[in-house]
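# Structural characterization, general
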Amino acid sequence: MMEFLQPHIQLGKRQSAEYALLPGDPGRIKRIAEYLKDVKELAYNREYCSISGTYKGVNVLAVSTGIGAASLAIAVEELKKIGVKTFIRIGSCGALQNGLHLGDLVIATGAVRNEGTSLAYIEQGYPAVPDADVLFALLESAKNQGFPYQYGRIKSHDSFYTDQEEEINQYWSQKGILGSDMESAALFVLGGL
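Basis of the calculations
Residues numbered from 1 in each chain as written. Predicted model: local features only at pLDDT ≥ 70, side-chain atom pairs only at ≥ 80, totals over all residues. Heavy atoms only, no water. Helix = DSSP H or I, 4+ residues; strand = E, 2+ residues; numbered from the N terminus. Rg over C-alpha atoms; globule rule 2.2 N^0.38 Å. Contact = heavy atoms within 4.5 Å. Axes fitted to C-alpha atoms, helices over the stretch in contact; angles between N-to-C directions. Parallel < 35°, antiparallel > 145°, perpendicular 65-115°, else oblique. Left-handed = near helix turned anticlockwise from the far one by under 90°. Nonpolar A, V, L, I, M, F, W, Y, C, P; charged D, E, K, R; others polar. Pairing = 2+ DSSP bridges. Buried < 20%, exposed > 50% of the residue type's maximum accessible area, 1.4 Å probe, protein only.

### Observations regarding the overall build of the chain
Helix and strand content of the chain: six helices and nine strands. On C-alpha atoms alone, the chain measures out to a radius of gyration of 17 Å, which is about the 16 Å that the 2.2 N^0.38 rule sets for 193 residues. Seen through its principal axes, the chain has C-alpha atoms that stretch 55 × 40 × 30 Å. Pairs at least 24 apart in sequence give 69% of the contacts found in the chain among residues at least 6 apart.

So, in structure tokens, the structure goes:
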């Protein structure tokens, strides 16, 4: 019997794992593969490049999501349908505080919902916060491994090139927001729902 593949990520239940790492850039999949054992290339359709492998004996997927919340939401919805339960976004963000340095980890404790995708799922008042167990595990791991990291609130947005980007970033920086990306708020809302 032929297995049903999800239309965008082109993966089915036989290729699933409990955990998925979600970089934006498909080019980061090869970098992730360097840390996994038994790596298998799975699919590459549109912005969705995927591999499977094991990390310390745990099966994981790594699936790129492209730029922005809408394409991330498609990946999350389809990965959930094949059985993934835990999603960890890994990637880059723009620093909004002076104390952040290139290569520092930013572990988001919540996200300002300045993107439109999460609004397609639920009204603005719903919080964009990560799962507490995953958050605490990430904090503990960063601390135990001695990686430089900061944790706090970030913001997710839909644009890079509006005429007000500098003013927008300055506003949120003054409110203590650590950094900005385009995906985390939607990931937290979908995860919560």
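### Digging into the packing of helix α2 (residues 69-82) against helix α6 (residues 184-192)
Running from N to C, α2 and α6 point in directions that differ by 30°, and their axes come no closer than 9 Å. As far as their axial angle goes, α6 and α2 are roughly parallel. Judged by the twist between their axes, the crossing of α2 over α6 is right-handed. Where α2 abuts α6, its residues Ala69, Leu72, Ala73, Val76 and Glu77 lie against Ala186, Leu187 and Leu190. Counted by class, the contact of α2 with α6 contains seven nonpolar, no polar and one charged residues.

### Details of the sheet that holds strand β7 (residues 105-114)
One open sheet holds the four strands; their spatial order is β6-β9-β8-β7, and the pairing between them is mixed. Each edge of the open sheet is held by one strand with a lone partner, namely β6 (94-95) and β7. Pairing geometry for β7 and strand β8 (residues 149-157), over nine bridges, is parallel. Note that in β8 the partner of Val112 across the bridge is Lys155. Sitting on the sheet, helix α5 (residues 165-174) touches β7, β8 and β9 (179-181), and the angle it makes with β8 is about 140°.

### Focus: α6
Among the nine residues in α6, seven count as buried, and that is most of the element. Residues Ser184, Ala185, Ala186, Leu187, Phe188, Val189 and Leu190 constitute the buried set of α6.

### Re the sheet that holds strand β1 (residues 19-22)
One open sheet accounts for five strands, arranged β2-β3-β4-β1-β5; its pairing is mixed. Looking at strand neighbours, the two that pair on one side only are β2 (37-45) and β5 (86-89), the edges of this open sheet. The average angle at which neighbouring strand axes cross in this sheet is 20°, direction not considered. Of the strand pairs in this sheet, strand β3 (residues 48-55) and strand β4 (residues 58-63) are connected by six bridges, and their pairing is antiparallel. Counterpart to Tyr55 in the pairing with β4 is Val58.

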